[in-house]
Amino acid sequence: MKVTEKRDNFTSKLGVVLAAAGSAVGLGNVWRFPTEVGNNGGAAFILIYLLCVIGVGVPVMMSEFLIGRHTHANTITAFSKLAPGKWWRIEGVAGVFVAFLILSYYTVISGWTLYYLVQSLRGGLLVSQDYSAYFTAFSSDPYIPIIYAAVFMLMTHWVIVRGVQSGIERFSKIMMPMLLLIIGILVVCSFGMPGAGTGLRFLLKPDFSKVTASVVLSAMGQAFFSLSLAMGCLCTYASYFTSDTKLVKTAFSVCSIDTFVAVLSGFIIFPAVFSVPNVNPDEGPGLVFVTLPNVFNIAFHNVPVLGYAFSGMFYLLLLLAALTSAMSLHESVTAYVIESMGIPRKKASAMVSCSCMALGVLCSLSFGVLSDVTVFGLTFFGLFDFCASKIIMPAGGLVICLFAGWYLDRKLVYNELTNGGTVPFRLFRLYVFLVRYVVPVAIALIFINELFG
Ligand code: PHE
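Cut-off values and rules
Residues numbered from 1 in each chain as written. Predicted model: local features only at pLDDT ≥ 70, side-chain atom pairs only at ≥ 80, totals over all residues. Heavy atoms only, no water. Helix = DSSP H or I, 4+ residues; strand = E, 2+ residues; numbered from the N terminus. Rg over C-alpha atoms; globule rule 2.2 N^0.38 Å. Buried < 20%, exposed > 50% of the residue type's maximum accessible area, 1.4 Å probe, protein only. Contact = heavy atoms within 4.5 Å. Areas by Shrake-Rupley, 256 points an atom, 1.4 Å probe, with all protein chains shown as cover. Lys, Arg positive; Asp, Glu negative; His and termini not counted. Charge placed at Lys NZ, Arg CZ, Asp CG, Glu CD. Near = heavy atom within 4 Å. Polar contact = N/O pair within 3.5 Å; in protein donor to acceptor, adjacent residues only side chain to side chain. Core = buried A, V, L, I, M, F, W, Y, C linked by side-chain atoms within 4.5 Å. 1 Å grid on protein atoms, 1.4 Å probe; cavity = no way out; pocket = protein on both sides within 12 Å on 5 of 7 lines; lining within 4 Å. Points joined across faces, edges and corners; volume = space filled by probe spheres on them. Nonpolar A, V, L, I, M, F, W, Y, C, P; charged D, E, K, R; others polar. Patch = residues over 30% accessible without salt bridge, like charges linked within 9 Å, V, L, I, M, F, W, Y side chains within 5 Å. Salt bridge = Lys/Arg side-chain N within 4 Å of Asp/Glu carboxyl O. Axes fitted to C-alpha atoms, helices over the stretch in contact; angles between N-to-C directions. Parallel < 35°, antiparallel > 145°, perpendicular 65-115°, else oblique. Left-handed = near helix turned anticlockwise from the far one by under 90°.

## Side note on the overall build of the chain
Thinking step 1. Helices and strands together make up the secondary structure of the chain, namely 18 helices and 0 strands.
Thinking step 2. Computed over its C-alpha atoms, the radius of gyration of the chain comes to 21 Å, within 12% of the 22 Å expected for a compact globule of 453 residues.
Thinking step 3. Taken over 453 residues, the chain has a buried fraction of 59%.
Thinking step 4. Considering only contacts within the chain whose residues lie at least 6 apart along the sequence, 81% involve residues at least 24 apart.
Thinking step 5. With an accessible surface of roughly 17700 Å², the chain has 67% of that area assigned to carbon and sulfur atoms.
Thinking step 6. Averaging the coordinates of the 27 positive side-chain charges in the chain and doing the same for the 20 negative ones gives two points 11 Å apart.

## Quick notes on the site of the ligand
Thinking step 1. Around the ligand, the structure places 15 residues, and the nearest of them are Ala24, Gly28, Tyr106, Phe225 and Ser228.
Thinking step 2. Note that an oxygen atom of the ligand is positioned 2.7 Å from one of the side-chain N or O atoms of Tyr106.
Thinking step 3. Between the ligand and Ser226, the relevant distance is 3.0 Å, taken from a nitrogen atom to a main-chain nitrogen or oxygen of the residue.
Thinking step 4. Alone, the ligand offers 320 Å² of accessible surface; in the complex the protein occludes 100% of this.

## Description of the nonpolar core
Proteins that are soluble and globular tend to have nonpolar side chains buried together.
Thinking step 1. The biggest cluster of nonpolar side chains holds 165 residues, and the ones touching the most others in it are Phe314, Tyr315, Leu417 and Tyr431.
Thinking step 2. In this view, Phe314 contacts Val30, Leu186, Ile268, Ile269, Val288, Leu292 and Phe296; residues no more than four positions away in its chain are not counted.

## Quick look at empty space enclosed by the protein
Thinking step 1. One pass over the structure, following the stated rule, counts 2 cavities of 30 Å³ or more.
Thinking step 2. A volume near 130 Å³ is recorded for the largest cavity.
Thinking step 3. Every residue lining the largest cavity is counted, 16 residues in all, and those nearest its centre are Ser23, Tyr106, Phe225, Ser228 and Leu329.
Thinking step 4. Residue assignment for the lining of the largest cavity shows that the elements contributing at least two residues are helix H1 (13–24), helix H2 (27–39), helix H5 (89–122), helix H10 (213–226) and helix H14 (304–341).
Thinking step 5. In terms of residue class, the lining of the largest cavity is made up of 8 nonpolar, 8 polar and no charged.

## Quick look at a nonpolar patch on the surface
Thinking step 1. Where nonpolar side chains cluster on the molecular surface, the patch consists of Trp406, Leu427, Leu430, Phe433, Tyr437 and Val438 and spans about 590 Å² of accessible area.
Thinking step 2. The greatest single-element share of the nonpolar patch, amounting to 4 residues, is contributed by helix H18 (residues 428–452).
Thinking step 3. Counting through the fold element by element, Phe433 comes out in helix H18.

## Some remarks on the side chain of Ser366
Thinking step 1. For Ser366, the location among the structural elements is in the loop between helix H15 (345–365) and helix H16 (380–407).
Thinking step 2. The exposure class of Ser366 is buried, given its relative accessible area of 4%.
Thinking step 3. In contact with Ser366, other than residues within four places in its own chain, are Ser371, Thr379, Phe380 and Phe381.

## Details of the side chain of Asn29
Thinking step 1. With respect to the secondary-structure elements, Asn29 resides in helix H2.
Thinking step 2. A polar side-chain atom of Asn29 sits 2.8 Å from a polar atom in the side chain of Asp258.
Thinking step 3. If near-sequence neighbours (up to four positions away) are discounted, Asn29 is found in contact with Ala24, Pro34, Ser226, Asp258, Val261, Ala262 and Ser265.

## Quick word on the environment of Phe433
Thinking step 1. You can call Phe433 partly exposed: its relative accessible area is 45%.
Thinking step 2. Sequence-wise, Phe433 and Gly405 are 28 residues apart; in three dimensions their C-alpha atoms are separated by 8.1 Å.

## Side note on the packing of H2 against helix H12 (residues 247–273)
Thinking step 1. Running from amino to carboxyl end, H2 crosses H12 at an angle of 70°, the nearest separation of the two axes being 8 Å. Judged by the angle between their axes, H2 and H12 are roughly perpendicular. When you trace H2 past H12, the crossing you get is right-handed. Mapping the contact onto sequence places Asn29, Val30, Phe33, Pro34, Val37 and Gly38 in H2 and Asp258, Val261, Ala262, Val263, Ser265, Gly266, Ile269 and Phe270 in H12.
Thinking step 2. Considered class by class, the residues forming the contact of H2 with H12 number 9 nonpolar, 4 polar and 1 charged.

If you want it as structure tokens, here you go:
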């Protein structure tokens, strides 16, 4: 294990919470959550999702935090330090690998967001047109999406090169408040739209007849993705926490902010969607890139300036959310490269950015010229997403819980979560029960369902 660079730390409690919340709040909240709510019957899904966050998300996040903070090392080294010579290290390897894979396709979708932002501001988006054809023409183009993805990767790189304090912490402190402000403005605007009542009823009235096993499992999968669990990201961030960071409280704050933003995104999207006739809330992944521009165009037909402002702000929100998440994915890999190869941050992050972008090019082309190239029937994009979110991620969450619940010494876990006994944690026994039994069984169920369901 080579380590030459001195390790940075986060300098303030606010920085810690905003950076970790920045990782969690991402495309998963603004784009994936409303889509899942739409597909799975509205408020009933939200209730189940909340249970998953509390029962599974919070304990897994606490476990990642304690592993990272205890070892002050990248994820792979963290597992090696806690269990020298044991196979648990594989979990660290899987985490870093999956962060790398996700970053490659996350960059492509973020590039689309950047393009839609630019088009909104230039006035090219809100003109009456077939938005589905518009989206297909753009995403299958061999050059433009790649250029936008590369610009997004450069933005991420630019932050990561600056390190933990002057990069991640500083920019999270600027971007997260901006993001929350934009959400606030958009929620107010959305409530003023004619379909607000119908949209809110859809979001707030639970219909339990729609709840099936697969809805419960989708809620759990969504919680994992949205809270950035099992990818080494939160573990890496926690390795920069200082000894007085309160892990339990931080995990609760991050989960609350993440859930709050997801629900508010629903409050923005559904009133807007229901304001326009013949548009379904269960549009699927096209919701953000096909349905919403259409909605913005129709809803603001008479006052295009407001339309530009609304859609511009919406895509800016999505971009900020994506950027703070991409930073954490990038850092998870970069920290490993710095510490394992003993090379400076500048060089390590350049290596990560370039290699990830190379994979990103494959992902982007899989919407166009490479759409016929498939592995196991999946395009590159589909394959990366499948491996990452359907296989490695749930397996990783399972291993982290088994590690914290069964392998690690109970005293070590208690000391870490309570900062050596100085911060009371009355629910410690409940935490142990959850990570030992409840979470592993829950994750095993998602896993089986995803693979064979
Ligand atoms: N949590 C992020 C989101 O909601 C995605 C992400 C997953 C980021 C895993 C980092 C690690 O979009």
